[in-house]
Amino acid sequence: MSQQLDAETETTTQTIRESLNQALHEELERDERVLLYGEDVAEYGGLYKISEGLYEEFGEERVFDTPLAETSLGGTAVGAALAGARPVVEIMYADFLPIAGDHLINYAAKMYFNYGDETSVPMVVRSMYGTGDGHGLHHGQSPEAWFMNVPGLKVVMPSTPREYKGLLKGAIRDDDPVIFLENKMRYGESGPVPDEEYTISLCESDVKREGTDATIVAIGGMVYEALEAAERLSEQGIECEIVDPRTISPLDTGPILESVEKTNILVTAQEAPTFGGFGSEVAAQVIDDAFFYLDAPVKRVGAPFTPIPFAENLEEAYQPTADDIESAVIDAIET
Amino acid sequence: MQELTLPKLGQAMEEGLVLEWHCDVGDELTAGDPVVVIESEKTSHEIEADQDGRLLAKRVDAGDTVPIGTTLGYVGTDDEADDLPDDSAAETDAGAAEPSDADASPADRQTASDSSGDVDREQIGTETRDDGPAPETIRASPSARKAARVHDVDVTAVGQAVGVAQVRPEHVDEYVAAQETDSGEEIRGSPAARRIADERGVDLEAVGEDRGTTRVRMADVEQYADQQPASIPATDERIDDEATAAADPSPSVRETVSITGGRQVMFDRMQTVSSEYGSTTTVAKVDVTELRSLLDSLGSSWEAYHDVSPSLTAFVLRAVAQELPAYPMLNAEIVDDDGTDAFVRQFEDINLGLAVDTDHGLLVPTIYDADTQSVTELGDTVSDLARQARERDLEMEQQQNGTFTVSNAGTFGAYINTPQINPPQTGILGVCTVNEEPGVVDGEVVPREMMHLCLTYDHRVVEGATAVQFLQAVKRRLEDPQSLLS
Amino acid sequence: MVHETINHTELLEDLLLTRRFEEKVLEVYQDRGIRELPHSSLGQEAVGVGACYPLEDDDLLAPSLRTRAAMLLRTPVEEIVAGMYGTESGPSSGRTTEHHMGSSEYGILGTTGMIGSHLNPAVGAALGNRTLDNDRVTVVFFGDGASQRGEFHSALNFATVQELPVVFVIENNQWTEAMSIDKLVDVDDLADLAGHGLPTEIVDGQDVEAMVEATAEAADRARSGDGPTLLEAKTYRYRPHAETMPEHRDEATLEAWKDRDPVEMYIDRLLERDQITEAEIESIDEQLQTTIDDAFDMAESDELPDEETLYHVYKDTEIDHWKGVAK
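Residues numbered from 1 in each chain as written. Chains lettered and ligands numbered in written order. Predicted model: local features only at pLDDT ≥ 70, side-chain atom pairs only at ≥ 80, totals over all residues. Heavy atoms only, no water.

> I tried to follow the interface of chain A and chain C on my own but got confused; where do I start?
Interface size is commonly expressed as the accessible surface area that is lost when the partners come together. Listed per partner, the contact involves 52 residues of chain A and 46 residues of chain C. Summed over both partners, the interface of chain A with chain C comes to about 3,900 Å²; 56% of that surface belongs to carbon and sulfur atoms. Among the residues chain A hides against chain C, the three largest losses belong to Tyr107(A), Phe113(A) and Asn114(A). Together they make up 17% of the total. As a salt-bridge pair, Asp289(A) and Lys323(C) come within 3.1 Å of each other at their nearest N and O atoms. (Contact = heavy atoms within 4.5 Å. Buried area = accessible area lost by both parts, 1.4 Å probe. Salt bridge = Lys/Arg side-chain N within 4 Å of Asp/Glu carboxyl O.)

See below:
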């Protein structure tokens, strides 16, 4: 299950931003049905420059700017996908996803079920989340739990540059509607990305670090925090295993269960508020399928049940970090 | 001087009960004399004097429960009396110099301690642990008060429980820890701990007690199980580590046998009987010469029961079933749910339990309405039930509702074998082996075939005379076997 | 004149099919009950029938739940009826109601229970067809209610800016649920709500030939790359929003509209023009009635779907539908 890089794979170190741009470029080039559109994605190259150069390369029929109406972004993507195209739309901030929520929840998620002839909705909605930049209440929320409860949607949250690229390509080729969440605070993170053509299939969890003492299931940007916490804990003699689900829904629980069966301790980590979140679902799945392997209460790391605050100190207090993961692991072990 | 302390009698033991003092302060002792009896949950133990001298002091009263290592008292010579550790100096005087005071009844001692400043030494030891200083004398440091607030406990209670007048933070910790383990908080295991405990056959509560935690984790179970070769606490104190095994003088373990199934039943019943019953046995020697010749003469008609023992057993059962109605206290059960309002329930029906030894332990199938069955019928029934017992083919109902039990250890050659009561019944008859012995008939010594019958009865409810009369009645029946055929 | 190019027998058949079907639904709903709550299009059949008539077979229809004509003209009648009963021969084998059915095979865009939610997807379908470089036109039908939603404006704007091949058809039947349209918008013509720089045309929705003519022109524009058109078809629904919520109607107004009943108007016109005889109409009618009756009989005896039918949520990923996780 773990998709470790083959030692012989040639790689280049690049940022998440570069890997995303590459993924879009490669898919636009590979498949004429692929479209990229959204607010400021064409001439400006995307607010965070993810789509830079693509408009110039592929022209305004394939890459174009749209009116400031997320409802049109969501709705037209559904229609284009139903008609047979492969639209990739960018809804700038994930906080804006609810504007297109009707099209995502009631339309995109349900048309495969609604049609009787195998017609599906192969669309990708790219959107950004991530706290820590003082953007306040409405430009950083982590929305995975809003959509996890919707059968028919796929929610993807990559962590490393390699995964951002492989999973975006995988999402574009996937026949189901995908909400592809990018952590705007991590666009500058760099890492090895294979030079050769590759994709990563959705719905496959990955083990990011092996360990025997505790399992940390971390998503999106929290994978980096988990890795940092694991290094610190290792110095204290605690070896954590980190499972990165990558696809939030439908979740591949296999590697999580296997890991918990090995370590007997589960800690989850997410940026969203803990209550009703991804970690809660993971906890429930583990309790359901690996109850008798648990040796401690499940600890969930996440944000408090408040909006994202603006003031610097409040934002710092709000944002879950490696410190919180470290404490949670120790709490679980010492309970 | 010998300091008497409460020993650790088992892995799980944390405290013990001082059951009984064999002597009073000032009594003379010889090395090897029992001084005090203590009891843990699982066992009792006598502490002996290891030197000649006197009991110099008692620190704990009989009936008190104290932690392991608590000083119970001191044995030594009169000269050593002066060297007794603190707060016992007064007692040395009182105990050794004035033996008459040591003879005072507990009530007297209580009065003395209540009415005067001259505190009785025998009370000090217990009061310190159990009642502590008077509430008004307890003070606490600010940090202790803070710790008490954090743990939501009362500093006065801490002082009294720990036995200090000046409470410090560590006393609070000690108190809280003691409460967590002692105050009845249930021992619970994590899901993983429960799985591992199940797999390795260890008891979670034992693990918790052993590890001193109410929250048992997987590692606790593993460590506990690793130091126990098997699930049986009988080998509690064995050290499994091979390196230390060589130096360990205790016998090496051949095998540990789990107490389950029939063995578990036997274990539980005998535990009950030995701890709760007033069992006494009366024995009769029965001349079965005539009975044996009758059995021989019956010959081929008994072919079905060619094994002599069952047929002899059938005659015994017949005799018992015929005589029991006249002795209702022995065809009865004791109803004693919580020790109060106990009563005896005498039965109309004669349902005889027959103890049968099997590979999977002792089973006691029931012969319903034995008084209505002939010897032949009883022989049939015995044969069927014994086979069913060996083949584990007994229904639940076939092992219930017995009113009296017969056990035949004679088949194994037992000369005299006193059986134990099958609770809640009040009596059991043990049948022993038949031996040829010199007997006197018409003034002449002749060889006779003799057999012991042992009746064990619960003397709490059955009078000795009743038991003896019943046994003699059975004996008479067996010595006149023709009477049993009718 | 456009009526000279129309096959009037065919067009009348389409119109009568829709009328007789709606009459049958009401009859069956009252007498025998069907699972789908009828939202009848009685009185406004000419809009859908006329708009569909000039289209190519592979043009995409995005009907509202009341555009019964669009469903009937693309889908076998028995499948529609089975869809109303929720049996296995219905759209998506009973997973969905016929109201919102979607089918790539029949060229019908699936919709949802949210009025007007299909406007942007219809525009998107046109975008998809442009991307796929075909000349399919998308015709999207919606009521006066949908014209009050933001979806209406964002869809019109997007389609106009991108010059997409779409024909928007407002079926203005004067009633939004149980509310009269004149209390909900402050314009006389809903076409005036449009703006966005796209061409609009007001059409007599009772006149099936007028609908054919207007839609043919709009579809031509779309197909030739000149972008979207909005048609406001003025019509009237005889029945309440749904059969369970009868609303107060002004009898005189209702009668006035019924005097211009689309089916009767067209038949009168054809008879007047000697383009059909009474006997021919009777024969067509009888044949349609048989088709419809047979379809209802079939659906009533149809099986309910297997439980397995439910487990059809992701195309690319096998999941445990009870746990909600990937297999």
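> Would you take a moment to explain the sheet that holds strand β1 (residues 2-5) of chain B for this structure?
Strand-to-strand pairing in sheets goes through backbone hydrogen bonds, with the strands running parallel or antiparallel. Residues and elements named next belong to chain B. The strand order across the open sheet built from 4 strands is β1-β8-β6-β3, with neighbouring strands paired in antiparallel fashion. Every other strand in the sheet has two partners, leaving β1 and β3 (28-29) as the edge strands with one partner each. Of the strand pairs in this sheet, β3 and strand β6 (residues 53-58) are connected by 2 bridges, and their pairing is antiparallel. Of the residues in β6, the one forming a bridge with Glu28 is Arg54. (Pairing = 2+ DSSP bridges. Helix = DSSP H or I, 4+ residues; strand = E, 2+ residues; numbered from the N terminus.)

> Can you walk me through a nonpolar patch on the surface in this structure?
Residues Val283(B), Tyr415(B) and Ile416(B) make up a contiguous nonpolar surface patch of roughly 270 Å² in combined accessible area. Within the element layout of this structure, Val283(B) appears in strand β13 (residues 279-287). (Patch = residues over 30% accessible without salt bridge, like charges linked within 9 Å, V, L, I, M, F, W, Y side chains within 5 Å. Areas by Shrake-Rupley, 256 points an atom, 1.4 Å probe, with all protein chains shown as cover.)

> Would you mind going over the interface of chain A and chain B with me for this structure?
Between chain A and chain B, the contact holds 12 residues from the first and 9 residues from the second. Here chain A packs against chain B, burying approximately 820 Å² in sum over the two surfaces, 46% of which is carbon and sulfur. Taken together, the connections running from chain A to chain B amount to 1 salt bridge. Arg217(B) is paired through a salt bridge with Asp295(A); the nearest N and O atoms lie 3.3 Å apart. Between chain A and chain B we count 7 residue pairs in polar contact (both at pLDDT 80 or more) in total. For the side of chain A that touches chain B, the per-class residue count stands at 8 nonpolar, 2 polar and 2 charged. (Polar contact = N/O pair within 3.5 Å; in protein donor to acceptor, adjacent residues only side chain to side chain. Nonpolar A, V, L, I, M, F, W, Y, C, P; charged D, E, K, R; others polar.)

> What's the story with the packing of aromatic side chains in this structure? I'm lost.
To describe a pair of aromatic rings, one takes the distance between the centres and the angle between the planes. Under the criterion given, the structure shown has 17 aromatic pairs over all chains. Seen in terms of ring centroids, Tyr48(A) and Tyr187(A) are 5.5 Å apart; in terms of plane orientation they differ by 50°. Their pairing is tilted. Pair noted here: Tyr48(A) is in the loop between β2 (34-38) and α2 (54-58) and Tyr187(A) is in the loop between β7 (178-183) and β8 (190-194), with a separation of 139 residues, a long-range link. With centroids separated by 5.7 Å and ring planes inclined at 45°, the aromatic side chains of Phe21(C) and Phe296(C) adopt a geometry described as tilted. Of the two residues, Phe21(C) sits in helix α1 (residues 8-31) while Phe296(C) sits in helix α11 (residues 278-300), which places them 275 residues apart along the sequence. Cluster of aromatic residues (ring-pair linked, three or more members): Tyr37(A), Phe64(A) and Phe158(C). The cationic tip of Lys49(A) hangs over the ring face of Tyr44(A); the distance from NZ or CZ to the ring centre is 3.7 Å. One cation-aromatic arrangement involves Arg460(B) over Tyr277(B); the distance from NZ or CZ to the ring centre is 4.8 Å. (Phe/Tyr/Trp six-rings, centres within 6.5 Å; stacked < 30°, edge-to-face > 60°. Lys NZ or Arg CZ within 6 Å of the ring centre and 35° of its normal.)

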